[in-house]
Amino acid sequence: MKYLSDLGISENTITKLNNLLPSLEHEALEKHSSLVTKNINYLKNVGIDNIDLVFSNYYDLFLLDSSKFESIFNKYEASDLADKINKNVEIIEFL
């Protein structure tokens, strides 16, 4: 999952996921690396700074089709959403 490191996901998070994820989820993250990359970059462009924390807690969310992924976040004003997520990533559960 080298591509995650290139996107700013910490080695600690990658190691943790490698050790904890079931093989099917690990394979999905590898197989759909372009989708995961697109979704991570979308959140970066929205202004979310703590991508590593968001990804480590909600890695499965990044496997959603990019249009579905973006629709979750597009309901809210970008700067307000980024501010809230940067302060508390758990707010993602309520989007």
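Further up the page is the structure itself.
Note that this is a predicted model, so its numbers are computed, not measured.

### A word on the nonpolar core
Counting residues in hydrophobic clusters, the biggest one holds 30 residues, and the most contacted among them are Leu4, Ile40, Leu43, Phe55 and Phe73. Among the elements that make up this core, the one with the highest residue count is helix H4 (residues 33-46) (5 residues). In this structure Leu4 touches Ile9, Ile14, Val36, Ile40 and Phe55, once residues within four positions along its chain are discounted.

### Let's talk about the side chain of Asn39
Structurally, Asn39 can be placed in helix H4. The class for Asn39 is buried, based on a relative accessible area of 0%. Of the polar contacts made by the side chain of Asn39, one reaches the backbone oxygen of Leu64; its length is 3.0 Å. Ignoring sequence-local partners within four residues, the contact set of Asn39 consists of Leu61, Phe62, Leu64, Ser66 and Phe69.

Calculation notes
Residues numbered from 1 in each chain as written. Predicted model: local features only at pLDDT ≥ 70, side-chain atom pairs only at ≥ 80, totals over all residues. Heavy atoms only, no water. Core = buried A, V, L, I, M, F, W, Y, C linked by side-chain atoms within 4.5 Å. Buried < 20%, exposed > 50% of the residue type's maximum accessible area, 1.4 Å probe, protein only. Helix = DSSP H or I, 4+ residues; strand = E, 2+ residues; numbered from the N terminus. Contact = heavy atoms within 4.5 Å. Polar contact = N/O pair within 3.5 Å; in protein donor to acceptor, adjacent residues only side chain to side chain.

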